[in-house]
Amino acid sequence: MQTMIPHLIDSHFHLRSMQRKGIDVESILASMQELSMEGIEIGLDCGDLAERTAMLEPYPFIKLSAGIGPWGAQDSLDEQLAVLENQLLKNEVVAIGEIGLDNYHKYGTVENQQYLLARQIELANRLGKPVIFHNREADSQFISLLGRTTFAKRGIFHCYQGGGELARLAIEQGFYLSFAGPLTYKANKGMQDLFASLPIEHILLETDSPYLSPNPVRGKANTPLFMHYIYACAAQLRSISLEAMVLQVRANFHAFLDQ
Ligand SMILES: [Zn+2]
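To keep things clear, this report deals only with the structure shown in the data block.

What counts, and where the lines are drawn
Residues numbered from 1 in each chain as written. Predicted model: local features only at pLDDT ≥ 70, side-chain atom pairs only at ≥ 80, totals over all residues. Pairing = 2+ DSSP bridges. Helix = DSSP H or I, 4+ residues; strand = E, 2+ residues; numbered from the N terminus. Contact = placed C-beta atoms within 7 Å. Buried ≥ 20, exposed ≤ 12 C-beta atoms within 10 Å, placed from the backbone. Right-handed = clockwise from strand over helix to strand, strands pointing away.

1. What about the sheet that holds strand β5 (residues 131-136)?
In step 1: Strand order in this open sheet of eight strands is β1-β2-β3-β4-β5-β6-β7-β8, and the pairing throughout is parallel. Unpaired on one side and paired on the other, β1 (9-13) and β8 (203-205) mark the two borders of the sheet.

Printed below as a string of structure tokens:
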């Protein structure tokens, strides 16, 4: 059965958001363990890393990231940054994120979003950690950011929905582009063509659950256990076998973790 494919990676998911939607995350984690899945549980705000670390302690195959997304750009920016930094001193993460820019939801102000992002890139560089970027309709800002910034480690553009110019520039700088459920939507032909054309060693896959469920479960609450739908689509778009896709993404993910 397709759902039983082992060794899938989910590079980006949010357990606390799943909990808020009433999903039993303990059973999801147990299934992930049975299937030898690995991945990164992604922070959404500044203060919950200790709690998430405790929740995931029995599941060492799940790594953690922490960061303040653009949704934090309303107010108290420096206070949030101080809380985040304090949590990062006491708990282990594999990346700073998700952090970024969102011109669709327009949280706070553009300046506040840029400030939060810049401060967290500095923090990531200081700690020698990679970043995980959220980019919603902010390609030109990210193109200029990549042009003027040096990164300590090779980061990830998560749920990639940007264009070809940013994709090429990001890959030139060593970034990984992680694709989520929208890759499986028929309307996203441009994204699918871009995905098929990228150097395969720079690709990662993710659910971004509980958001963005892939076809054919679009509309349902998403979990990492729907990852196989994204792999099946990705393998088909690249004209390679599912097994080859699984091995490639696993190798890419470990290269990211081991850098
Ligand atoms: Zn996310």
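From this point, the discussion proceeds with the structure in view.
2. Describing the environment of S178
In step 1: Relative to the helices and strands, S178 is located in strand β7 (residues 176-179).
In step 2: Taking the C-alpha atoms as reference, S178 lies 25 Å from S27; in sequence the two are 151 residues apart.
In step 3: Leave out the neighbours within four places in its chain, and S178 touches S11, H12, I156, F157, H158, C159, Y160, L204, L205 and E206.

3. Section: the pairing of strand β2 (residues 38-41)
In step 1: Going residue by residue along β2, you find E38 and I40 tucked away on one face and G39 and E41 tucked away on the opposite face as well.
In step 2: Taken together, the three bridges between β1 and β2 define a ladder with parallel strand orientation. The residue bridging D10 from the neighbouring strand is G39, located in β2.
In step 3: In this sheet, strand β3 (residues 62-66) lies alongside β2 in parallel orientation, the contact comprising three bridges. What sits directly across from I40, in β3, is K63.
In step 4: Tracing the backbone out of β2, into helix α3 (residues 49-56) and back to the parallel element β3 gives a crossover that is right-handed.

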